[in-house]
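Structural description and commentary
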Amino acid sequence: MKRTHSCGELKKKDIDKEVTLCGWVQKRRDHGGLIFIDLRDREGITQVVFNPKISKESHRKAQGLRSEYVLSVGGKVSPRPRGTENKSLPTGEIEVLASKLEILNESQTPPFEIADRVKALEDLRLRYRYLDLRRRPMQENIILRHRVAKATRDFLDKKGFIEVETPILTKSTPEGARDYLVPSRVNPGRFFALPQSPQLFKQMLMVAGFDRYFQIARCFRDEDLRADRQPEHTQIDLEASFVEPGDIYALIEEMMSYLFKATLGVRIKRPFPITTYQEVMDRFGTEKPDIRFDLELIDVTEIGKEGDYRIFKEAASIKGIRAPKGENLSLKEIEKLSEIALVYGAKGLAWLKVTKEGMASPIAKFFSEKVKNSLMRKMKAEEGDLLLFIADKPEIANGALGQVRLALGRKLRLINEKGYRFLWVIDFPLLEFDEEEKRFKAMHHPFCMPKEGDLPLLEKEPLKVRSKTYDLVLNGVELGTGSIRIHDPRLQKRVFRLLGLGEEEISFKFGFFLEALEYGAPPHGGIALGLDRLVMIMAGRETIRDTIAFPKTQRATSLLTGSPSLVSEEQLKELRLKIER
RNA sequence: GGGGACGUCGUCUAGUCUGGUUAAGACACCUGGCUGUCAAUCAGGAAAGCGUGGGUUCAAAUCCCAUCGUCCCCGCCA
């Protein structure tokens, strides 16, 4: 036994105990006659004092200690002299008077300081991830992640869910994201795909009668990265038989409530509001609205067209948003908002300031007092407000103004950073039209059940068909996606055909799955929640990289290991692969 | 595929717009002093030729071109 206690637990009550601590040298303060070492481990920091009167030998050895050396220190816990207690440290009332010192390992001077507040840039942190992970905030993130995963398992176990592992080496299927492929040496020219999600396996587990399944599942997608997107991410994946959407809502709401309580001690308000896709698009311009603040998009198409402003008159849709007290925003700040609108495809951002003297704006002259007044009324505008408008195709007007809304929320400090506001977004369209490929694509995935009432439209007006889908949104972040699935093989085939899949392709790609549905597949549904994103929000971080022990860069490489890397000719030959140069 | 920001001692920055002495500071590091520090302190020291390659110029960290890397975003991500 190298240690008797952790570096975070010794308190007044331990005074006079003989203890042995192990840890890293956080800091050495050498006063010549007296040396202080802050010894750090996962649990905290304890001050160790080397006094030649207690041990000449240890004091001599301690002179050679440097940052990040690994030590085992034996000594007596004693109260700090009156007036030298450190209130900012949980162990600050005591210190260990070292009588024994063993240097377990030395350390090079680290490339950056192991401090709570990082100064090092992220690429350096990633290259030395094991040092970055020594920092307390990173340890807290990873430990929080562990607690969330643990609480998830506890909760779902109690609810009768069985954790089942599904293959990592699986089959490439069309639709969705690009697959990561793995060549098969035993079957030259053939490839496994890493799963984008365990979707088909969990459905087949329902066919198998497991009734309730879950998995903390790694998912792989070979797409471009973002702050909240990594090539491999982890989902809390679950599926249940004989359920309605309401069963899933209730389960997930209870689970979220349990997770937040168990890990953060935070109470979550239930039930979560439920809104349709159509409604959130109209009101917030996005399928994942941040409802921590109220600003909503307002349809002013009718009123806007009454003026003489050509751009309004010719637009299919005019959406407006009211920035309370936005009068104070400078032209430059409005210009910034307008740039955001441009990025999201709008051609411009029109604005009106409501001042004492009336409407101040380059476009005010195009509108009569009457029109201006009805605009004011419709948007519930008050003096001092700034009104912003985008006139365009409905998708653009909504989408771009939705982004302006988010920027406004931040700019005007309307967002309660400490709040957790969940929202269900339901009834997504089953399909969307891909302009590039000129065909229908599944909005979520091809296994979502269409709403029964919309079934007659399936072949006639496919875009009007809504599906039994539900997205869970938290603070403007898409946390998870789920649906009731198709369990009828005939209906599943109809949907495949709608997606433009030929009979041959259907049986090649999905034959095994359709066959499974033929053998008494129960009605079922489920959801998958992004664990990385959930922990990111809980930890108050801006990127999921801070919640993943060993993440990849935006170019999908590991700076730590240098992967992906070249492989030997022999390896390629064995796989019968040739690299084109 | 596209847009943007950044790259200077170990680290983080200043310097770059407006080319011109020994490229500056803080932290870290090294040596020495110091028995109550915890952002220890005092004295001294070492440390980068400015991501890489090319070009312009009497002269390039600074201007131009290319390239590499990191980050943010659009597209993409069911």
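In this text, all values refer to a predicted model and were calculated from it rather than measured experimentally.

Digging into the environment of glutamate 478
Looking at the element boundaries, glutamate 478 is found in strand S21 (residues 477–484). With relative accessibility at 25%, the residue glutamate 478 sits in the partly exposed group. Aside from chain neighbours lying at most four places away, what touches glutamate 478 is Glu287, Lys288, Asp471, Leu472 and Arg533.

Things to note about the domain arrangement of chain A
On domain assignment, one finds that chain A holds domain 1 (12–105), domain 2 (139–274 + 423–547) and domain 3 (293–415). Put simply, the middle of domain 2 and the middle of domain 3, counted by C-alpha atoms, are 37 Å apart.

A short note on the sheet that holds strand S3 (residues 44–50)
Spatially, S1-S2-S3-S5-S4 is the arrangement adopted by the five strands of the closed barrel, whose pairing is mixed. Across the sheet, the mean angle separating the axes of adjacent strands is 55° when strand polarity is ignored. As judged from the ten bridges shared by strand S4 (residues 70–79) and strand S5 (residues 94–105), these two strands associate in the antiparallel manner. Bridging across to S5, leucine 71 finds its partner in isoleucine 103.

Description of the sheet that holds strand S11 (residues 274–276)
Read from one edge of the open sheet, eight strands run S6-S9-S10-S22-S21-S20-S17-S11, paired in mixed fashion. Where the open sheet ends on each side, the last strands, each with one partner, are strand S6 (162–163) and S11. Sheet topology places strand S20 (residues 469–474) next to S21; six bridges connect them, and they run antiparallel. If you follow valine 473 over to S21, its bridge partner there is glutamate 478. Against the sheet, helix H5 (residues 199–207) contacts strand S9 (212–220), strand S10 (232–241) and strand S22 (524–530), and its axis sits at roughly 20° relative to S10.

A few points about the environment of alanine 217
Structurally, the position occupied by alanine 217 is in strand S9. Overall, alanine 217 belongs to the buried group, its relative accessible area being 3%. Put simply, alanine 217 and serine 197 are 20 residues apart on the chain and 7.6 Å apart in space, counted from C-alpha to C-alpha. In this structure, alanine 217 is in contact with Pro198, His233, Thr234, Gln235 and Asp237, ignoring residues within four places of it in sequence.

A short note on helix H7 (residues 277–284)
Among the residues of H7, those classed as buried are Tyr277, Val280, Met281 and Phe284. Projected down its long axis, H7 shows its buried positions confined to an angular sector of 105°, all on one face. Buried-residue contacts for H7 involve S11, helix H12 (394–411) and strand S17 (422–426).

Details of the nonpolar core
Core analysis: the largest hydrophobic core is formed by 55 residues, its most contacted members being Ile252, Met255, Met256, Phe422, Trp424, Leu472 and Leu534. In terms of residue count, helix H6 (residues 245–264) provides more of this core than any other element does, eight residues in total. For isoleucine 252, the contacting residues outside a window of four places in its chain are Leu238, Trp424, Leu472, Ile527 and Leu529. Among the nonpolar cores identified, the runner-up in size contains 22 residues, and Ala323, Leu329, Leu349 and Leu386 belong to it.

Rules used throughout
Per chain, residue numbering runs from 1 following the sequence as it is written. Just so you know, chain letters begin at A and ligand numbers begin at 1, following the order they were written in. The predicted origin of the model limits local features to residues at a pLDDT of at least 70 and limits the giving and counting of side-chain atom pairs to 80 or more, whereas totals for whole chains, interfaces and linings rest on all residues. Side-chain measures were taken over the full set of non-hydrogen atoms in the model, leaving aside hydrogen atoms and water. Helix numbers and strand numbers start at the N terminus; a helix is a DSSP run of H or I with at least 4 residues, a strand a run of E with at least 2. Only protein chains enter the area calculation, which uses a 1.4 Å probe; residues under 20% of their type maximum are buried, those over 50% are exposed, and those in between are partly exposed. By definition in these notes, contact holds between two residues if any of their heavy atoms fall within 4.5 Å. Each domain's extent is set by a domain assignment, obtained either automatically or from a database. For two strands to pair, DSSP has to find at least two bridges joining them. Every angle, taken between N-to-C directions, lies between 0 and 180 degrees, and every axis is a line fitted to C-alpha atoms, over only the stretch in contact when it is a helix. Starting at the helix axis, one direction is taken to each C-beta atom, and the arc is that of these directions. Residues belong to a common nonpolar core when they are buried Ala, Val, Leu, Ile, Met, Phe, Trp, Tyr or Cys residues joined through side-chain atoms within 4.5 Å.

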